[in-house]
Amino acid sequence: MILLECPYCGPRDETEYHYGGQAHVAYPEDPNQLTDQEWAQYLFYRDNTKGLFAERWVHTGGCRRWFNAVRDTVTYEIKAVYRAGEPRPDFDSLTQEGAAK
Amino acid sequence: MAEQLMEQNVNIQGPAALRRSPLAHLAGAIEAGAVAGERGVTLREIPFLTMVGLRAQPGSAAAAALEKAAGVALPTKVGQTTGSAEGTAVLWLGPDEYLLVAPEGTGAGALTEALGDEPGAVVDLSANRTTLELSGPSARLVLEKGCNADLHPRVFGPGTAITTQLGPVPVLLWQTGEGPSGQTYRILPRASFADYAARWLLDAMTEFAAPEVP
Ligand SMILES: [Zn+2]
């Protein structure tokens, strides 16, 4: 089980959260201009990263807020959490920090 | 016809006489579940407390108006409560969301009026949850059987309240006091989970009637 740190509530069990998939997938500026294929890409296609991955979580069993986390998909280690609307931390800085430990 | 009858009932007995706590049917079991002694722990229900959901951006005019009407400041971070459990208290639910808990019959009228047209929300949620009170030397041990949040006194003392889970039940967990005979906690499950939460607690309490197994 992951011990996930909510940016508002602090560390809580994974069971208090729900997963929301890849973060920073922008809504298309004008969906009417998209071809069916482009729209399908937006709706259904996500990265399948091996390594650091920015993803959305919601603290359902706590403050009910959405936030983002950077997780290593190989080790399940949470490298960073940040509030919705805040920029994604630079992956390089996260891995260097890991290597420096 | 049914409407007429209901109206008559309300007129004769008043709405307060018609309401029913979601734990009314367990009153006997809750009383019988009390464990005395050094490892004691008791449970009771405090039904019908006024609970009002508040939403307002911290520092806004809406927040100031609500604080003035409630006579209590809004808490500013997770775990924090303001006011007092015996009177009016406000629990932190989220960065702009709070729960005001007050004695039975307080109502939400004054808060609704105070908020006026400012952006925010005041909703009477009194029927949403009921309140269980768990106290005694073993109260914390009982909760720790099913709550994964850190309840150690160094981080969870009197006046701390969080939204979390007890067993599988989403609850508000609030430590209202601490004394020589252990801690006192309030557990606020939603009405539809109250039966399960109370039975879960009663079951978790039974082992403390026996001497501790070394
Ligand atoms: Zn949270």
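The numbering scheme is per chain: residues are counted from 1 as the chain's sequence reads. Naming scheme: in the order in which they are written, chains are lettered from A and ligands are numbered from 1. Under the rules for a predicted model, residues below a pLDDT of 70 receive no local features and side-chain atom pairs below 80 are neither given nor counted, while totals for whole chains, interfaces and linings still include all residues. Hydrogens and water molecules were not included; the side-chain quantities draw on all heavy atoms of the structure.

### What to know about the confidence of the model for chain B
Looking at chain B as a whole, its pLDDT mean stands at 93, while 94% of the residues score no less than 70. Both scores are given for the predicted complex: the pTM is 0.88, the ipTM 0.82. The quantity known as pLDDT measures the predictor's confidence residue by residue, on a range of 0 to 100.

### Description of the side chain of B:Thr163
With respect to the secondary-structure elements, B:Thr163 resides in strand S8 (residues 160-166). Beyond its immediate sequence surroundings of up to four residues, B:Thr163 is in contact with A:Arg12, A:Glu16, A:Gly61, A:Gly62, B:Leu93, B:Val171 and B:Leu172. Only DSSP runs of H or I with at least four residues qualify as helices, and only runs of E with at least two residues qualify as strands; both kinds are numbered from the N terminus onward. Contacts were defined at the residue level, with two residues in contact if any of their heavy atoms lie within 4.5 Å.

### Here we look at the interface of chain B and chain A
At the interface, 13 residues of chain B touch 11 residues of chain A. Note on definitions: buried area is the accessible-area loss of two parts on being combined, 1.4 Å probe, summed for both. Of all residues in chain B, B:Pro95, B:Thr163 and B:Gln165 bury the most surface against chain A, accounting for 38% of the area lost on that side. Salt bridge, as used here: a side-chain nitrogen of Lys or Arg that lies within 4 Å of a carboxyl oxygen of Asp or Glu. Between the two partners, chain B and chain A, sit 3 salt bridges. Between B:Asp96 and A:Arg65 there is a salt bridge, with the nearest N and O atoms lying 2.4 Å from each other. Listed by contribution, the elements that provide at least two residues to the side of chain B that touches chain A are strand S4 (89-94) and S8 of chain B. A total of 4 residues in the side of chain B that touches chain A trace back to one element, the largest contributor, which is S8(B).

### Regarding the sheet that holds strand S9 (residues 169-179) of chain B
Either a parallel or an antiparallel arrangement is found when strands of a sheet pair, and the pairing is made through backbone hydrogen bonds. All names here are of chain B. Pairs of strands are assigned from DSSP output, requiring at least two bridges between the strands. The 10 strands lie next to each other as S1-S7-S10-S9-S8-S3-S4-S5-S2-S6, forming an open sheet whose pairing is antiparallel. Strands with a single pairing partner mark the edges of an open sheet, and in this sheet they are strand S1 (42-46) and strand S6 (121-124). Each neighbouring strand pair of the sheet contributes to a mean axis angle of 30°, computed without reference to strand direction. Strand direction decides the pairing type here: S4 and strand S5 (residues 97-102), joined by 5 bridges, are antiparallel. Each bridged residue has a counterpart across the sheet, and for Ala89 the counterpart in S5 is Val101. Only the stretch in contact is used when a helix axis is fitted, and all axes are lines through C-alpha atoms; the angle between N-to-C directions ranges over 0 to 180 degrees.

### A look at the coordination of the zinc ion
Residue and element names in this part refer to chain A. Donor atoms are limited to N, O and S found within 2.8 Å of the metal ion, a distance that becomes 3.2 Å for Na, K and Ca. With water left out, some sites might look partial. Around the zinc ion, the protein supplies Cys6 (SG), Cys9 (SG), His59 (ND1) and Cys63 (SG) as donor atoms, at distances of 2.0 to 2.5 Å. Under the classification used here, a metal with four donors is tetrahedral if each angle lies between 85 and 135 degrees, square planar if opposite donors are over 155 degrees apart and the others between 65 and 115, a six-donor metal meeting that same test is octahedral, and anything else is irregular. Each of the 4 donor atoms around the zinc ion contributes to a set of angles spanning 102 to 123°, which defines the coordination as tetrahedral. Of note, the donors binding the zinc ion are all from one chain and are spaced C-x2-C-x49-H-x3-C. Side by side, Cys6 and Cys9 carry an identical accessibility label, which is buried. The buried label applies to any residue whose accessible area, calculated with a 1.4 Å probe on protein chains only, is under 20% of its type's maximum; exposed applies above 50%, and partly exposed to all values in between.

### Quick notes on the pattern of salt bridges
For the coordinates displayed, the defined rule picks out 13 salt bridges over all chains. B:Arg140 is the salt-bridge partner of B:Glu144, the closest N and O atoms lying 3.0 Å from each other. Separated by 4 residues within a single helix, B:Glu144 and B:Arg140 lie in helix H6 (residues 139-144), roughly one turn from each other. By relative accessible area, B:Glu144 is classed as partly exposed at 35%. The closest approach of N and O atoms between B:Asp195 and B:Arg199, which form a salt bridge, is 3.0 Å. Pair noted here: B:Asp195 and B:Arg199 are both in helix H7 (residues 191-205), with a separation of 4 residues, about one helical turn. On the accessibility criterion, B:Asp195 (25% relative accessible area) is partly exposed. Of the residues examined, B:Arg199 reaches a relative accessible area of 45% and is grouped as partly exposed. Overlapping salt bridges, with partners in common, bring together A:Arg64, A:Arg65, B:Arg55, B:Asp96 and B:Glu97 in one network.

### Some remarks on the environment of B:Ala204
Residue and element names in this part refer to chain B. Here Ala204 is to be found in helix H7. Taking the relative accessible area as the measure of exposure, Ala204 reaches 4% and is therefore buried. Once the C-alpha coordinates of Ala204 and Pro180 are considered, the two residues, 24 residues apart in sequence, prove to be 22 Å apart. Apart from residues no more than four positions distant in its own chain, Ala204 is found in contact with Val142 and Lys145.

### Overview of the sheet that holds strand S5 (residues 66-72) of chain A
All names here are of chain A. Read across the open sheet, the 4 strands follow the order S3-S4-S5-S6; overall the sheet is antiparallel. Each edge of the open sheet carries a strand with a single partner, namely strand S3 (18-22) and strand S6 (78-83). Sheet twist, expressed as the average angle between the axes of neighbouring strands with direction ignored, equals 30°. As paired strands, strand S4 (residues 52-58) and S5 are joined by 7 bridges and run antiparallel to one another. Paired with Ala54 across the strands is Val70, a residue of S5.

### Description of the environment of B:Thr106
As for its position among the elements, B:Thr106 is in the loop between S5 and helix H5 (109-115). Along the primary structure B:Thr106 and B:Thr50 are separated by 56 residues, whereas in three dimensions their C-alpha atoms are 6.0 Å apart.

### Here we look at the nonpolar core
In globular proteins that are soluble, nonpolar side chains generally tend to be buried together. Residues and elements named next belong to chain B. The criterion is simple. A nonpolar core is a set of buried Ala, Val, Leu, Ile, Met, Phe, Trp, Tyr and Cys residues joined through side-chain atoms within 4.5 Å. Counting 31 residues, the largest nonpolar core has Leu134, Leu143, Ile187 and Leu201 as its most contacted members. Elements that contribute at least two residues to this core include exactly strand S7 (131-136), H6, S8, S9, strand S10 (182-189) and H7. With 8 residues, the top contributor of residues to this core is H7. In this structure Leu143 touches Leu134, Leu151, Leu166, Leu173, Tyr185, Ile187 and Leu201, once residues within four positions along its chain are discounted.

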